[in-house]
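# Analysis of the macromolecular model
Residues per chain are reported as follows:
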Amino acid sequence: MRSYSKSPILITGVQRSGASIVARILALCGVYTGDINKMYENKKLLKLSQELLLNQTVIESKPDVLFTQVKEIPVDWQEKISSIMPADEQWIFKSYLNTQLWKGWNYAYPNAKWVIVRRRSADIINSCQKTAYMTMFRDKQIQEFVGVNNEKEGWLWWIHKYEDAWVDMISSGLNCKVVWPERMVTGDYAQMYELIEWL
């Protein structure tokens, strides 16, 4: 297994929570991101993450309907990552999928620093319902599949899955820091300063 001189920074959170803002701030501070998309996700690492989850569960051609956590830890995960990210630079990978893949990441990088991005559930749901590409829980079949009655309840179900996983992550001893970037809207930058200092 390749030795890393710097521990990676793994950013995660429910979609529409502000994780992209956090990643952008850290990128401005000089951490390495690699080739990213408009959501500040490394394109190659995102593709690897999606492929891993697709190999775990396939449900009626909609694998993202379930909050699938890795059942089989990929022992070659660090080897795959090392072909993409430099060993001698501080790098970040931001993705909501990191929550679902945390066991694999922890196996490969037990000293990684985790940033869990939070936002009020009502605000996340409101944002999801207003965002054109966030359509998963508009599907009545998917609502029925997860046992909810409407789109709002579906997104709340999704949020609770993340929250349960974060409890597991913290309880397992991962080196985590929780931040609420929405506070910056009112001029409260304290958590961002604390985060940068911690990292």
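See the structure shown above.
Model, not experiment: these values are computed from the prediction.

## Describing a nonpolar patch on the surface
A cluster of nonpolar side chains, namely Ile73, Val75 and Tyr107, defines an oily patch on the protein surface of about 280 Å² accessible area. Locating Val75 in the fold gives a position in the loop between helix H2 (43-56) and helix H3 (77-82). You can call Val75 exposed: its relative accessible area is 59%.

## Regarding the sheet that holds strand E2 (residues 92-94)
Strand order in the open sheet formed by 4 strands is E2-E1-E3-E4, and the pairing between neighbours is parallel. What marks the edges here is a single partner per strand, and that holds for E2 and strand E4 (175-179). The mean inter-strand angle of the sheet, taken between neighbouring strand axes irrespective of direction, is 20°. Bridge analysis of strand E1 (residues 9-13) against strand E3 (residues 113-117) gives 5 bridges, and the strand direction is parallel. Bridged to Gly13 within E3 is Val117. Of the strands in this sheet, E1, E3 and E4 touch helix H8 (residues 151-171), which is tilted by about 150° from E3. Most of the contacts of helix H9 (residues 190-198) go to E4, to which it runs at about 160°, and overall it touches E3 and E4.

## Digging into the pattern of salt bridges
As enumerated under the stated definition, the model contains 6 salt bridges in all. Among the ionic pairs, Asp35 bridges to Lys43, the shortest N-O distance being 3.8 Å.

## Describing the nonpolar core
In this structure, Ile81, Trp91, Trp105, Trp114, Phe137, Trp155 and Trp158 are the most contacted members of the largest nonpolar core, which totals 41 residues. Of all elements in the fold, only H2, H3, helix H5 (102-108), E3, helix H6 (121-130), helix H7 (140-146) and H8 reach the threshold of two or more residues within this core. Top contributing element to this core by residue count: H8, with 8 residues. Membership of the second largest hydrophobic core comes to 14 residues, among which are Val22, Val117, Met192 and Leu195.

## Concerning the side chain of Gln191
Positionally, Gln191 belongs in helix H9. Of the residues examined, Gln191 reaches a relative accessible area of 18% and is grouped as buried. Within polar-contact distance, the side chain of Gln191 engages the backbone nitrogen of Trp180 at 2.6 Å. Discounting residues that sit within four places of it in the chain, Gln191 has contacts with Val178, Val179, Trp180 and Arg183.

## Topic: the packing of aromatic side chains
All told, the structure shown has 11 aromatic pairs when counted by the stated rule. Site record: aromatic cluster; members linked through ring pairs are Phe137, Trp155, Trp157, Trp158, Tyr162 and Trp166.

## Some thoughts on H8
The first and last C-alpha atoms of H8 sit 31 Å apart over 21 residues, in line with the 30 Å expected at 1.5 Å per residue. Listed in full, the buried residues belonging to H8 are Glu151, Gly154, Trp155, Trp157, Trp158, Ile159, Tyr162, Ala165, Trp166 and Met169. Turning to H8, the residues buried within the fold contact E1, helix H4 (97-100), H5, E3, H6 and H7. Between the side-chain oxygen of the N-cap and the backbone nitrogen of Lys152 there are 3.2 Å, and the N-cap of H8 in question is Asn150. After H8 finishes, the residue Gly173 shows a positive phi value of roughly 95°.

Calculation rules
Sequence order as written defines residue numbering, which begins from 1 separately in each chain. Owing to the predicted nature of the model, reporting of local features is limited to residues with pLDDT of at least 70; listing and counting of side-chain atom pairs is limited to 80 or more, with chain, interface and lining totals taken over all residues. Side-chain descriptors were evaluated using all non-hydrogen atoms of the structure, hydrogens and water having been removed beforehand. Excluding any residue in a salt bridge, patches collect residues exceeding 30% relative accessible area, merging like charges within 9 Å and nonpolar Val, Leu, Ile, Met, Phe, Trp and Tyr side chains within 5 Å. Exposure was quantified through the Shrake-Rupley algorithm and a 1.4 Å probe, taking into account, for residues, occlusion by the shown protein chains and nothing else. Salt bridge, as used here: a side-chain nitrogen of Lys or Arg that lies within 4 Å of a carboxyl oxygen of Asp or Glu. Strands here are runs of E lasting at least two residues and helices are runs of H or I lasting at least four, both read from the DSSP assignment and numbered beginning at the N terminus. When a residue's accessible area, from a 1.4 Å probe over protein chains only, is under 20% of the maximum for its type it is buried; when over 50% it is exposed; and in between it is partly exposed. Two strands qualify as a pair provided DSSP detects at least 2 bridges between them. To obtain each axis, a line is fitted to C-alpha atoms, and for helices this fit is confined to the stretch in contact; angles are then taken between N-to-C directions over 0 to 180 degrees. Residue contacts follow a heavy-atom distance rule, with two residues in contact if any of their heavy atoms lie within 4.5 Å. By nonpolar core we mean a set of buried residues, namely Ala, Val, Leu, Ile, Met, Phe, Trp, Tyr and Cys, connected to one another through side-chain atoms within 4.5 Å. Under the rule applied, a polar contact is a pair of N or O atoms within 3.5 Å (in protein, one hydrogen donor and one hydrogen acceptor; residues adjacent in sequence only if both atoms are side-chain atoms). Between the rings of Phe, Tyr and Trp (Trp by its six-membered ring), a pair exists once the centres lie within 6.5 Å; its type follows the angle of the planes, with under 30 degrees stacked, over 60 edge-to-face, and the other angles tilted. By this rule the span expected of a helix is its residue count minus one, scaled by 1.5 Å.

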